[in-house]
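Spelled out, the chains give:
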Amino acid sequence: MSQESFVDLSMVRRRLAGSGGRRYWKSLEELAATPGFQNFLEREFPEQASEWSDPSGRREFLRIMGASLALAGLTACTRQPEEKIVPYVKSPEQVVPGRPLFFATSVLDQGFAKGVLVESHLGRPTKIEGNPEHPASLGATDAFGQATILGLYDPDRSKTITNRGEIRTWGAFLTALQPALAAQKALGGAGFRILTETVTSPTLAAQLDALLAQYPAAKWHQYQPVSADNARAGAELAFGEALAAQYRLAEADVILSLEADFLGSGPANVRLIREFSGRRRIEGEHARLNRLYVVEGSPSITGAAADHRLPLRSSEIEGVARAVAAGLGLPVEGADRAHAAWVGPLVKDLRKHGGRSLVLAGESQPAEVHALAHAMNGELGNLGKTVVFTAPVEARPLNQLASLRDLVADMAGGEVALLLVLGGNPVYNAPADLALAAALDQVPLRIHLGLYQDETAERCHWHLAEAHGLESWSDARAFDGSVSIVQPLIAPLYGGKSAHEVLAAFLGFGDRAGYQVVREHWKGLFGADDFEGRWQRAVHDGVVAGSALPEKPVTLASGDWVRPARQARNPGLEIAFRADPTIGDGRFANNGWLQELPKPLTKLTWENAALLSPRLAARLGIAVSSTASGATTDLVELRYAGNALKVPAWIVPGHPEDSVTLHLGYGRRKAGRVGSGLGVNAYALRRSDGLWFGAGLEIRKTGERAILACTQDHWTIEHETQTTKRHLVRSADLAEFERNPHFAREMSEEPPADLSMYPAHTYRGHAWGMTIDLSACVGCNACVVACQSENNIPVVGKDQVARGREMQWIRIDRYYQGGLDNPETHHQPVLCMHCENAPCEVVCPVAATVHSDEGLNDMVYNRCVGTRYCSNNCPYKVRRFNFFLYQDWDTPSLKLMRNPDVTVRSRGVMEKCTYCVQRINQARIDAKNQDRPLRDGEIETACQSVCPARAIVFGDVNDPKSRVTGQKSSPRNYGLLADLNTRPRTSYLASVRNPNPDMPREAGPGAARASLELGSGPDV
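Residues numbered from 1 in each chain as written. Predicted model: local features only at pLDDT ≥ 70, side-chain atom pairs only at ≥ 80, totals over all residues. Heavy atoms only, no water.

Novice: Help me understand the environment of R446 in this model?
Specialist: Along the chain, the position of R446 falls in strand 16 (residues 445-450). Counting along the chain gives 30 residues from R446 to V416, while the straight-line C-alpha distance between them is 9.7 Å. In this structure, R446 is in contact with L419, L440, D441, R459, C460, H461 and W462, ignoring residues within four places of it in sequence. Here the side chain of R446 touches V443 through a polar contact of 2.6 Å, landing on its backbone oxygen. (Helix = DSSP H or I, 4+ residues; strand = E, 2+ residues; numbered from the N terminus. Contact = heavy atoms within 4.5 Å. Polar contact = N/O pair within 3.5 Å; in protein donor to acceptor, adjacent residues only side chain to side chain.)

Novice: Sorry, what's going on with the pattern of salt bridges here?
Specialist: Between side chains of opposite charge, a pair can form as their charged atoms come close. Using the criterion set out here, one finds 52 salt bridges in the structure. Note that R291 is salt-bridged to D349, the shortest N-O span being 2.7 Å. Of the two residues, R291 sits in strand 11 (residues 291-296) while D349 sits in helix 13 (residues 340-352), which places them 58 residues apart along the sequence. Across the pair, D349 and R291 agree in class, each one buried. Across the pair R905 and E911 runs a salt bridge whose closest N-O atoms are separated by 3.0 Å. The same class applies to R905 as to E911, namely buried. The structure contains a network of salt bridges with shared partners spanning E251, D253, R279, R288 and R356. (Salt bridge = Lys/Arg side-chain N within 4 Å of Asp/Glu carboxyl O. Buried < 20%, exposed > 50% of the residue type's maximum accessible area, 1.4 Å probe, protein only.)

Novice: What's the story with the packing of helix 7 (residues 170-187) against helix 19 (residues 499-506) in this structure? I'm lost.
Specialist: Helices that pack against each other are described as a pair by the angle of their axes relative to one another and the distance between those axes. Closest axis-to-axis distance for the helix 7/helix 19 pair is 10 Å, and the angle between their directions is 45°. As the angle between them shows, helix 7 and helix 19 are arranged oblique. Residues W170, F173, L174, L177 and L181 of helix 7 form the contact with helix 19, whose own contacting residues are E501, V502, A505 and F506. Across the contact of helix 7 with helix 19, the residue classes tally to 8 nonpolar, no polar and 1 charged. (Axes fitted to C-alpha atoms, helices over the stretch in contact; angles between N-to-C directions. Parallel < 35°, antiparallel > 145°, perpendicular 65-115°, else oblique. Nonpolar A, V, L, I, M, F, W, Y, C, P; charged D, E, K, R; others polar.)

Novice: Which parts of the structure should I look at to understand the sheet that holds strand 1 (residues 24-25)?
Specialist: Pairing between the strands of a sheet comes from backbone hydrogen bonds, and it takes one of two forms, parallel or antiparallel. Strands sit in the order 1-30-31 across an open sheet of 3 strands; the sheet is antiparallel. Two strands close off the open sheet at either side, each with one partner strand: strand 1 and strand 31 (824-830). The pairing of strand 30 (residues 811-817) with strand 31 spans 7 bridges and is antiparallel. Considered in strand 31, the bridge of Y815 is made with H826. (Pairing = 2+ DSSP bridges.)

Novice: Sorry if this is basic, but what is going on with the confidence of the model for the chain here?
Specialist: On average, residues of the chain carry a pLDDT of 88, and 89% of them reach 70 or more. This model gives residues 46-80 a pLDDT under 50, and the stretch forms 64 contacts once residues within four places in sequence are excluded. Across residues 1003-1020, confidence stays below pLDDT 50; counting only partners more than four residues off in sequence or on other chains, it has 42 contacts. (pLDDT = per-residue confidence, 0-100.)

Novice: Can you walk me through the pairing of strand 11 in this structure?
Specialist: In regular strands, side chains alternate between the two faces of the sheet. Most of strand 11 sits out of view: 6 of its 6 residues are buried. Neither face of strand 11 is exposed, since R291, Y293 and V295 on one face and L292, V294 and E296 on the opposite face are all buried. Pairing of strand 10 (residues 254-258) with strand 11, which is carried by 5 bridges, proceeds in the parallel orientation. Bridge assignment links L256 to a residue of strand 11, and that residue is Y293.

Novice: In this structure, what is going on with the pairing of strand 4 (residues 124-130)? I would like to understand it.
Specialist: The element strand 4 is largely enclosed, with a buried count of 7 among its 7 residues. Two elements, strand 3 (residues 112-121) and strand 4, share 6 bridges in a ladder whose sense is antiparallel. The residue of strand 4 that forms the bridge with H121 is R124. Here strand 3 folds back onto strand 4, and the loop between the two strands holds 2 residues, one of which, L122, carries a positive phi near 50°.

Novice: How should helix 7 be read in this particular structure?
Specialist: In an α-helix, one turn spans 3.6 residues; hence positions three or four apart end up facing the same way. When the terminal C-alpha atoms of helix 7 are compared, their 26 Å separation across 18 residues agrees well with the 26 Å that a helix rising 1.5 Å per residue should span. Its maximal kink placed at Q178, helix 7 deviates by approximately 30°, while the proline P179 follows within four residues. Within helix 7, the full set of buried residues consists of W170, F173, L174, L177, A180, L181 and Q184. Following helix 7 by one or two positions, G188 has its phi on the positive side, about 75°. (Expected span 1.5 Å × (residues − 1). Bend = angle between axes of the 7 residues up to and from the residue.)

Novice: Could you clarify how one ought to interpret the side chain of R803 in this entry?
Specialist: Take R803: it is sitting in the loop between helix 27 (798-802) and strand 30. Classification of R803 by relative accessible area gives buried; the value is 18%.

Novice: Is there a simple way to explain unusual backbone geometry in this structure?
Specialist: You will see that D530, though not glycine, has its phi angle at about 55°, which is positive. Residue placement: D530 occurs in the loop between helix 20 (514-526) and helix 21 (531-541). What makes D530 exposed here is its relative accessible area of 55%. Even without being a glycine, Y915 presents a positive backbone phi close to 60°. Among the secondary structure elements, Y915 is positioned in the loop between strand 35 (910-911) and helix 30 (917-929).

Novice: Looking at this structure, how should I read the side chain of R157?
Specialist: In this structure, R157 sits in the loop between helix 6 (148-152) and strand 5 (161-163). Residues within four places of R157 in sequence aside, it is in contact with G151, L152, L451, Y452, E466, A467, H468, E471, L493 and Y494.

Novice: Explain the nonpolar core here, please?
Specialist: When a protein is soluble and globular, its nonpolar side chains tend to lie buried together. Ranked by internal contacts, the top residues of the largest apolar core, which has 95 residues, are L594, W768, M770, Y876, Y915, L976 and Y988. Per element, the largest residue contribution to this core is 6 residues, and it comes from helix 26 (residues 782-790). Other than its neighbours up to four places away in sequence, Y876 contacts I717, R811, V830, M833, C835, L976, L977, T982 and P984. By size, the runner-up hydrophobic cluster in this structure holds 41 residues, among which are I575, A631, L645 and Y683. (Core = buried A, V, L, I, M, F, W, Y, C linked by side-chain atoms within 4.5 Å.)

Novice: Where do I start with the sheet that holds strand 3 in this structure?
Specialist: Read from one edge of the open sheet, 3 strands run 2-3-4, paired in antiparallel fashion. The open sheet has two edge strands with one neighbour each: strand 2 (101-109) and strand 4. On average, each strand axis in the sheet is tilted by 40° relative to the strand beside it, whichever way the strands run. With 9 bridges connecting them, strand 2 and strand 3 associate as antiparallel partners.

Novice: Help me understand the packing of aromatic side chains in this model?
Specialist: By convention here, two paired aromatic rings are described through the distance between centres and the angle between planes. This structure, assessed with the given rule, holds 22 aromatic pairs. The interplanar angle of 65° and the centroid separation of 4.9 Å between the aromatic rings of F239 and F389 together place this pair among those described as edge-to-face. Here F239 is found in helix 9 (residues 229-239), whereas its partner F389 is found in strand 14 (residues 387-390), with 150 residues between them in sequence. Assessed through its relative accessible area of 9%, F239 is described here as buried. In this structure an aromatic cluster arises from ring pairing among W473, Y515, W522, F526, F531 and W535. (Phe/Tyr/Trp six-rings, centres within 6.5 Å; stacked < 30°, edge-to-face > 60°.)

Novice: I tried to follow helix 15 (residues 400-412) on my own but got confused; where do I start?
Specialist: For helix 15, spanning 13 residues, the distance from its first C-alpha to its last is 18 Å, which sits close to the expected 18 Å at 1.5 Å a residue. Residues Q400, L401, S403, L404, L407, V408, D410 and M411 constitute the buried set of helix 15. Taken together, the buried residues of helix 15 touch strand 7 (192-196), strand 8 (219-222), helix 9, strand 15 (418-422) and helix 17 (436-440). Residue N399 occupies the N-cap position of helix 15, its side-chain oxygen lying 3.1 Å from the main-chain nitrogen of L401.

Novice: Explain the packing of helix 9 against helix 14 (residues 367-380) here, please?
Specialist: Between helix 9 and helix 14, the least distance of the axes is 7 Å, while the angle of their chain directions is 55°. Comparing the axis directions of helix 9 and helix 14 gives the class oblique. Note that helix 9 runs across helix 14; the crossing there is right-handed. Contacts between helix 9 and helix 14 involve N230, A231, A233, G234, A235, L237, A238 and F239 from the first element and A367, E368, H370, A371 and H374 from the second. Class assignment for the residues of the contact of helix 9 with helix 14 results in 8 nonpolar, 4 polar and 1 charged. (Left-handed = near helix turned anticlockwise from the far one by under 90°.)

Shown next as structure tokens:
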């Protein structure tokens, strides 16, 4: 292992202070020019990633590969295992081999539906797409929706019914249940409790109501760690009743987010990304861009998209909100005047755009801040325009934390005899101070329905294997109340039961199928007249027509929101809890795609860390370095509310100074083979009196070091030398763009097209190309997971990622611009450029990488022998090599998951983006069969089809009327490293932001010191 080289933050600040103009940087290691960063920059692969793991190293590798060169035209390096195929005896009429079918259904996010179309090959669902007819998806999805496929085929899912660890049958469970139900019947259900997560399913709610009618003294409780408690309570404070806010970002010219990560998470985030990014596009040389202000206590992708961002501790955001409200003329108390230079221009901008502005508050903020946001929207004339209200979407809206408290009290007091847990994992994710596990042990009969034998299943007498959402019938409402019929795509792989079937058993219908339950409920709603037609239409479309909740008129009422919710500022450190950006609240812990997905801002994979600011890191003497085996950092101990955790520390530019962020979802003990034992359990520090943040944190170095798998410096493109400055990311303010629309093209000089040793090729047919609009891209990672699902890309694990061997074909480079304390953030998806003058093709000794007649840079996997010359010659660093047999050839369920139209690569093969050539060929076949030309927009790559921002456009650059041709003629269009004369087919539209000219560009704690050297604390 190479010697560690630490980042000197003082030197980093001096370098940033001395740089002129716009300077973009990816990491502190880059700014410090550490040897570890130089290793990633200069080598084809990082140290130890360019050799096999055996001691003989590269010499033995070359000896082995030399024997394979002679067979290059016949076979790849590794022979794939033989698989027997069995033909149909009688083929189903509706199934055509090689032709996928698409079925509409929905996946759930925090209990709310997001409409999807599921691609099915011969009865096997293999890919998720967005449903264009569904209001929550509009044809796109997020990373979690894409990863649903892997969750379906997860071999670690619960497969049986167990009683105290022993396998039992469904019949045995029903038999054992009857005495308990009979006893409760006699008591009216006084000892019967039901615990669910958020329920929006009309059918499930009707079943629960029917069960409570049979057992009138029973109680239905709800809890999940990320809920809408504060938002609902805020509406009650502002309007006197519980309401759900529906935002119309497309109508908003100015947006203020009070710690609302509306682009990063939530039931409506896919739609909100579409609406927000739609207002960031520039058509022609002029634009009407929106403007986004964000105040937040932890960096998020919404903050990264902001034109102005104010990093503050979460507890300080209410004071700023009150200052804005006071500036708008509202009679509020507790306004924080410390940020007047920021608040003043903001208030003026909001007033100027009354009726076309919007204020949002995040769930991490207390109810009073939500009420303030509603009051400000009322004062600005936004109610009914950029924000409308409906009745709550949940089947039974309530304060979930209070509901859980009541349940724990009843269990601890011995009042609960029978507990049914329908989904969720409260033993793991309940606040630590509630001591739920100990109270649960007091219940004589505990029954758990879940996808996994998780921490809650472990403490229950009966565990029922749950059917996956793609295996069962159900229904659910979207964020606006629209109902989707959830239909299965495959029979339950492990014989699981749905919540509908379990409740049917409790209602006395032990063998009733979920299909019957859902269908009968909707038969009662649709009525007998034309029921079949309406049912078939709802199932086919994925949404019940006209089911969205109607808008409700609102009247603002003065109330407790006038006074501040919290006491005076605490001068100590604060801890902030957030759902993890890739595994959520922990329910996706066993999903390898999401575990290996680099987190949008930190680029960490496979675990969480204590995120802290550069200034706090300097005060503590936190040392971060890069080595051949991964990024190393100090292990710190966090002490909070009487509990302690040891956590790796990670420095994040733009993090508030006196705060530490800890992501939820890790530290699982019972999450399957992939997710168990990763990271630390933040729920062990989370308290019910401070679900999202709290004061009184203590932090100290332990003297130990930890290795993290961070990809931020992997595949780094050299963009600054002593003689050259390449502009990989190009951005400008709106005013700058309007003065010079061609700024992006003027930042580099492209060689003449005929400057080449090779003759030019004339494309008489199609010539495929792509553009990516950096103004629209929010870095949400959906394209990365979509590409992984579509193209059978394997997961390699933490150790291999740490060594630089991740296999994703798309990476999203995250760049900062500005100082360490509050820099601008830019995202740039990077994939194979399909260069016209491709450097990879001329060095391949076996012609495994070649140019097609339509301009694609193809990879012939069967020829590749793994010399890796192509990767060494690729300036974009977009090629990936299978150092080991990363694919799982043995697990039966994973075989069902793979896309049959894409080769499953084995060991020793170079692979990369193909522009989804399988989709191109399928569209070509369809057009030929219909005797017509290919239509523009008919072909969508996997990354393009999933993108909520519609930032990616693919098409025929030979077609002068195609959308991609129009975008390539934009003055913002530029090619990455085009000065090398590679002539990339993928190009970018430079980012344009819309800052307020009256606003200071850098604000927040330490802003006045941003260009100064650190005055105290040890160098790191």
